[in-house]
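# Observations on the three-dimensional arrangement
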Amino acid sequence: MRCGEAVAAGGGRLLLLLLPRGLLLLLGVCKALSLEIKASPKVRAFVGEQVSLQCSFKSNSPITESLTVDWTYRPLTGGQIESIFHYQSVPYPTTVGKFKDRISWVGNVAKGDASIAVQSPVMSDNGTFICSVKNPPDVYHNIPQTMLIVTERGLSFQLTSAVLLSILVFLPSIVVVVLLLVRMGRKFGVLKERKKSGCKKSSIEVSDEPEHTETDSCLGKLRGWFLNCVDTDEEDPY
């Protein structure tokens, strides 16, 4: 019994000595086989305008035909993760789901680029996109996530056909209003000149008539001028 106990104790000591070394060896192997992947944490896009989702990677092994790239998508509201793109020598965009015919390959694996582009994004595309790269024997890597936020462009000016049509419709109206204001200003200047010359009376008339007669006469002329300005386009005689 004492001999067995001694053997067990010796085995336990040996295991304690080998375990740390085994762990260090395992960590070294994982580190040697790992990839480093980088992706933008947040990307903003506008409705209907193509947006690129950048993803780059570094591998310690040479690039071979075994390298694969996978992009997955999780909706902003949660739910099941959806595979939207696969690459191995050639791109394989998804042929089903909401991203059908809307994912294109813009990367270059020889340069460590695994980026894709989303065509005609809509606000329901908001969610998380995950880029995954494997280049055997490098298969261990971090899992970067990209949050896509699609919004309307807002109040930024765009020369669309509707805007051009609006300009063509309203510009002549604005010009006409400006011309009318200029014309009314000129007529008002003429009225002031006539008031200075036509509304004055001789000293005899002033002494014979009440003071309010001159004021009533000028106001009557002014009222008549405004009515004439509204009803006709003809110039007043000088």
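Look up: the structure comes first, before these words.
Overview of the structure. (Residues numbered from 1 in each chain as written. Predicted model: local features only at pLDDT ≥ 70, side-chain atom pairs only at ≥ 80, totals over all residues. Heavy atoms only, no water.)

### Digging into the pattern of salt bridges
All told, the structure shown has 4 salt bridges when counted by the stated rule. In this structure, R153 and E49 form a salt bridge, with 2.7 Å as the shortest nitrogen-oxygen distance. Taken together, the residues R153 in the loop between strand 12 (145-151) and helix 2 (161-198) and E49 in the loop between strand 2 (42-46) and strand 3 (51-53) connect sequence positions 104 residues apart. On the basis of relative accessibility, which here comes to 33%, the residue R153 falls in the partly exposed class. On the accessibility criterion, E49 (29% relative accessible area) is partly exposed. Across the pair R102 and D125 runs a salt bridge, and its minimum N-O distance is 2.9 Å. On the criterion of sequence distance, the pair formed by R102 in the loop between strand 7 (90-93) and strand 8 (103-105) and D125 in the loop between strand 9 (116-118) and strand 10 (127-134) is long-range, its members being 23 residues apart. Residues joined in a network through salt bridges with shared partners are K98, R102 and D125. (Salt bridge = Lys/Arg side-chain N within 4 Å of Asp/Glu carboxyl O. Helix = DSSP H or I, 4+ residues; strand = E, 2+ residues; numbered from the N terminus. Buried < 20%, exposed > 50% of the residue type's maximum accessible area, 1.4 Å probe, protein only.)

### Some remarks on the state of the cysteines
A covalent bond between the sulfur atoms of two cysteines is what we call a disulfide. For the structure on display, the rule yields 1 disulfide. The disulfide bridge from C55 ends at C131, spanning 2.1 Å between sulfur atoms. The S-S bond linking C55 to C131 shows a torsion near -75°; that makes this disulfide left-handed. Of this pair, C55 sits in strand 4 (residues 55-59) while C131 sits in strand 10, and the two are 76 residues apart along the sequence. Taken individually, C55 and C131 each receive the classification buried, so the pair is uniform in this respect. (Disulfide = S-S within 2.5 Å.)

### With respect to the side chain of S132
Inspection of the secondary structure puts S132 in strand 10. Other than its neighbours up to four places away in sequence, S132 contacts I37, T68, V69, D70 and H141. (Contact = heavy atoms within 4.5 Å.)

### A look at the packing of aromatic side chains
One pair of aromatic rings is described through two measures. These are the centre distance and the angle between the planes. Overall, the coordinates contain 5 aromatic pairs when judged by the stated rule. When the ring of Y87 is compared with that of W105, the centres are 4.6 Å apart and the planes differ by 15°; the resulting orientation is stacked. Taken together, the positions of Y87 in strand 6 (residues 82-88) and W105 in strand 8 put the pair 18 residues apart, joining distant regions of the chain. We classify Y87 as buried; its relative accessible area is 10%. What makes W105 partly exposed here is its relative accessible area of 21%. Residues F99 and F129 carry aromatic rings whose centres are separated by 5.8 Å and whose planes lie at 75° to one another, so their mutual orientation is edge-to-face. With F99 in the loop between strand 7 and strand 8 and F129 in strand 10, the pair connects residues that are 30 residues apart, well separated along the chain. The buried category is assigned to F129, whose relative accessible area is 0%. (Phe/Tyr/Trp six-rings, centres within 6.5 Å; stacked < 30°, edge-to-face > 60°.)

### Quick notes on the pairing of strand 12
The side-chain alternation of strand 12 yields one buried face, formed by T146, L148 and V150, and one unburied face, formed by Q145, M147, I149 and T151. The sheet contact formed by strand 2 and strand 12 spans 5 bridges and is parallel. Opposite V43, over in strand 12, you have L148 as the bridge partner. As paired strands, strand 10 and strand 12 are joined by 4 bridges and run antiparallel to one another. Bridge assignment links G127 to a residue of strand 12, and that residue is L148. (Pairing = 2+ DSSP bridges.)

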